[in-house]
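One-letter residues, chain by chain:
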Amino acid sequence: MMIAGAASVTEQVCRSCGGSHIDTFLKLGTTPLADRLPSSIDDGEEEPVFPLSVAFCGDCSLVQITETVNPRILFADAYPYYSSFSQALLRHSRDNVLDLIERRGLHSGSFVIELASNDGYLLKNYVEAGIPVLGIDPADGPAAVASEFGVPTHVAFFTRELAESLRRQGVRADVIHANNVLAHVADTNGFVAGIALLLKDDGVAVLEAPYVEPMIEHCEFDTIYHEHLCYFSVTALDKLFRRHGLYLNEVKQLSIHGGSIRLYVELQERVGASVRDLLAHERGQGIDAIDYYIDFSATVDKLKIDLSALLHRLKANGASIAAYGAAAKGATLINTVGIGRDLIDFVVDRNVHKQGKHMPGQKIPIRSTEALLEAQPDYVLVLAWNFLDEIMEQQAEYRARGGKFIVPVPTPRIV
Ligand code: JHZ
Ligand code: ZN
């Protein structure tokens, strides 16, 4: 847990169960913060770096990083991630909302809360349907955009204390959304306890998180960065929720973000086949034991070597290379592989809040996507490979003119 004021702490026990059997199986060295984008190549300011190591808990099976960076450093200061820059994510979120409105019979008397509501990308769909909402998010930039969309947003970290205070004011929700946030929270148990406090007796919490199995199977090691404290299996989640009187009753596997799970969590226990099946699958695969994770480090090392060799070979043959997506995962990739300005001329991104800044550590400049047609580099390394289809479609012209994409995971390939 966080020591107030410290920049980071190294955890000695499991974030979820408090057990002391945590074994580190991957060390990525020290890296800068993935969403802290320097304004200039040399602003005279030393970029802070923190250790990035991944461990398995032998008591509850949770995969987790061992360093906790102070959330005020990670999220509150000019946090540049805005959800609404991906059409695929917007469609995905809208479908989720429409499905819940129908399945749960939500109406103007219902109430929906989203934790980490960002720029209102999801809740705006409820607002359109006349269903009252409250967004909670600590990042003031995205929250200001949400308010413009008509999504009331409380700018704060969601904690057990905030949940208690809202509950005292009579706030209870039919649906609580929490997408890609549980893994980001240092007080894992406090966050889940807060959800339990704010659900109506027959309410449902609908959470999404990247799934640990595809991360390991597809070598998505770049999704490891300091914001992501946990890498969830259903086995670990089931234990976490039960500790707080919540039940993981249904789970869906989703393709978003390289492979995610959507969890339906309620105060009543009615565990369905989807959960029982995935628990059995994880036992069968050994996801609940350290052995499953042991080879990962060697697989990651091979990918790093292969990608570096590919880029150096192309460059030695006179090719020019840019990159697509100033994604947080891109920061891990370029800093752990060692991909600098000697290899990549610039990174493009549609997010206007990232343009004009630089990639962490390697300080590669970030430009608008128009730069691809202007410069027509021979190759583009796709850092946001999770949105490859959307990016390929959007960059049809770049490709028609002979441009090629390099996809880094699961093994580097040119498409
Ligand atoms: P993207 C984010 O991680 C943030 P990131 C966060 N840490 C998290 O948990 C995961 O998602 C799940 C740009 N883009 O979303 C937008 C284009 O330019 O994959 C983004 O900057 N054009 C909370 O940052 C970046 O790429 C496009 O057409 O690793 C994608 O980043 C599209 C589709 C995206 O994740
Ligand atoms: Zn544990």
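So, how was this worked out
- Each chain carries its own residue numbering, running from 1 in the direction its sequence is written.
- Think of it this way: whatever chain is written first is A, whatever ligand is written first is 1, and the rest follow in order.
- Local features in this predicted model are restricted to residues of pLDDT 70 or higher, and side-chain atom pairs are both shown and tallied only at a pLDDT of 80 or more, whereas totals for entire chains, interfaces and linings draw on every residue.
- Side-chain figures throughout are based on the complete set of non-hydrogen atoms in the structure, without hydrogens or water.
- Any Phe, Tyr or Trp ring, taking Trp's six-membered ring, that has another such ring centre within 6.5 Å forms a pair; planes under 30 degrees apart are called stacked, those over 60 apart edge-to-face, and the others tilted.
- Secondary structure is summarised from DSSP: a helix means a run of H or I of at least four residues, a strand means a run of E of at least two, and numbering begins at the N terminus for each.
- For the exposure calls, accessible area comes from a 1.4 Å probe over protein chains only, and a residue counts as buried if that area is under 20% of its type's maximum, exposed if over 50%, partly exposed in between.
- Picture the helix axis, draw a direction to every C-beta atom, and the arc is the one those directions span.
- The contact definition used throughout considers only heavy atoms, calling two residues in contact when any of these lie within 4.5 Å.
- A single heavy atom is enough: if one lies within 4 Å of a molecule or strand, its residue is considered near that molecule or strand.
- The definition of a polar contact used here is a pair of N or O atoms within 3.5 Å, where within protein one atom must be able to donate a hydrogen and the other to accept one, and adjacent residues in sequence count solely through side-chain atom pairs.
- Residue-level accessible areas treat just the shown protein chains as cover; the underlying method is Shrake-Rupley with a 1.4 Å probe.
- Residues are grouped as follows: Ala, Val, Leu, Ile, Met, Phe, Trp, Tyr, Cys and Pro are nonpolar; Asp, Glu, Lys and Arg are charged; every other residue, Gly included, is polar.
- Angular values range over 0 to 180 degrees, each being the angle between N-to-C directions of two axes fitted as lines to C-alpha atoms, with helices fitted over their stretch in contact.
- Working definition: roughly parallel below 35 degrees, roughly antiparallel above 145 degrees, roughly perpendicular at 65 to 115 degrees, and oblique for all remaining angles.
- UniProt positions are given in the numbering used here, feature names are shortened, and annotations may be inferred rather than shown by experiment.
- Only N, O and S atoms count as donors, using a 2.8 Å limit from the metal and a wider 3.2 Å limit for Na, K and Ca, and since water is excluded some coordination spheres may look unfilled.
- Donor angles set the geometry label: tetrahedral for four donors if every angle is between 85 and 135 degrees, square planar for four and octahedral for six if opposite donors exceed 155 degrees and the others are between 65 and 115, irregular for anything else.

Trainee: Just to check I follow, could you spell out the packing of aromatic side chains for this structure?
Mentor: The geometry of two aromatic rings is summed up by the distance between their centres and the angle between their planes. Tallying each qualifying case throughout the model produces five aromatic pairs. Arranged with centres 5.3 Å apart and planes meeting at 85°, the rings of Phe 158 and Phe 191 form a pair that is edge-to-face. Here the residue Phe 158 occupies a position in the loop between strand S8 (153–155) and helix H5 (160–168), and Phe 191 occupies one in helix H6 (residues 188–198), the gap between them amounting to 33 residues. Assessed through its relative accessible area of 9%, Phe 158 is described here as buried. Residue class for Phe 191 comes out buried when judged on its relative accessible area of 2%. Aromatic side chains Tyr 398 and Phe 405 sit 5.6 Å apart centroid to centroid with 50° between the ring planes, which places their arrangement in the tilted category.

Trainee: I keep staring at unusual backbone geometry and nothing clicks. Help me out?
Mentor: Working note: non-glycine residues mostly have negative phi, and peptide bonds are mostly trans. Looking along the chain, the bond that leaves Val 409 and enters Pro 410 is cis, with omega of 0°. The residue Pro 410 is located in the loop between strand S18 (404–407) and strand S19 (413–414) in this model. Residue Asn 118 is not a glycine yet carries a positive backbone phi of 50°. Counting through the fold element by element, Asn 118 comes out in the loop between strand S6 (112–115) and helix H3 (123–128). Positive phi outside glycine occurs at Asn 180, with the angle close to 50°. Note that Asn 180 resides in the loop between strand S9 (173–179) and H6. Asn 180 gets classed as partly exposed once you look at its relative accessible area, which sits at 26%.

Trainee: For this particular structure, what's the right way to read H5?
Mentor: For the α-helix, the turn length of 3.6 residues means that residues three or four positions removed from each other point alike. Every buried residue of H5 is listed here: Leu 162, Ala 163 and Leu 166. Considered in projection along H5, the buried side chains sweep an arc of 100° and stay on one side of the axis. Check the buried side of H5 and you find it contacts strand S7 (133–137), S8 and H6. Of the residues one or two after H5, Gly 170 is the one with positive phi, at around 90°.

Trainee: In this structure, what is going on with the site of ligand 1? I would like to understand it.
Mentor: Around ligand 1 sit 23 residues, and of these His 228, Tyr 324, Asp 349, Arg 350 and Asn 386 come closest. The contact in question runs from an oxygen atom of ligand 1 to an N or O atom on the backbone of Ala 328, over 2.8 Å. Side-chain polar atom of Gln 394 to an oxygen atom of ligand 1: 2.8 Å apart, as the coordinates give it. Considered on its own, ligand 1 offers 720 Å² of accessible surface; in the complex 96% of this is hidden by protein. Broken down by secondary-structure element, the contributors of at least two residues to the shell around ligand 1 are helix H12 (328–337) and helix H14 (388–394). With three residues, the top contributor of residues to the shell around ligand 1 is H14. Residues that form the shell around ligand 1 fall into these classes: nine nonpolar, eight polar and six charged.

Trainee: Is there a simple way to explain the packing of helix H8 (residues 234–242) against helix H9 (residues 273–285) in this structure?
Mentor: In a pair of packed helices, the angle between the axes and the distance between the axes together describe the arrangement. Between H8 and H9, whose axes approach to 9 Å, the crossing angle comes to 125°. The orientation of H8 with respect to H9, classified from their angle, is oblique. Contacts between H8 and H9 pair Val 234, Thr 235 and Asp 238 from the former with Val 275, Leu 278, Leu 279 and Glu 282 from the latter. Tallied by class, residues from the contact of H8 with H9 come to four nonpolar, one polar and two charged.

Trainee: I'm lost on the UniProt feature "domain: C-methyltransferase" (unreviewed entry) in the protein in this one. Help?
Mentor: Per the UniProt record, "domain: C-methyltransferase" (unreviewed entry) is annotated on residues 256–410. Annotated as 43% helix and 15% strand, the span residues 256–410 places its first and last C-alpha atoms 15 Å apart.

Trainee: Quick question: what am I supposed to make of the coordination of the zinc ion (ligand 2) here?
Mentor: Between any two of four tetrahedral donors, the ideal angle at the metal is 109.5 degrees; between two of six octahedral donors, it is 90 or 180 degrees. Those protein atoms acting as donors to the zinc ion (ligand 2) are Cys 14 (SG), Cys 17 (SG), Cys 57 (SG) and Cys 60 (SG), and they sit at 2.3 to 2.4 Å. One can describe the site at the zinc ion (ligand 2) as tetrahedral: its four donor atoms subtend angles covering 103 to 116° at the metal. Donor residues for the zinc ion (ligand 2), ordered by position in the chain, follow C-x2-C-x39-C-x2-C. Given the relative accessible area of 5%, Cys 14 is considered buried. The exposure class of Cys 17 is partly exposed, given its relative accessible area of 31%.

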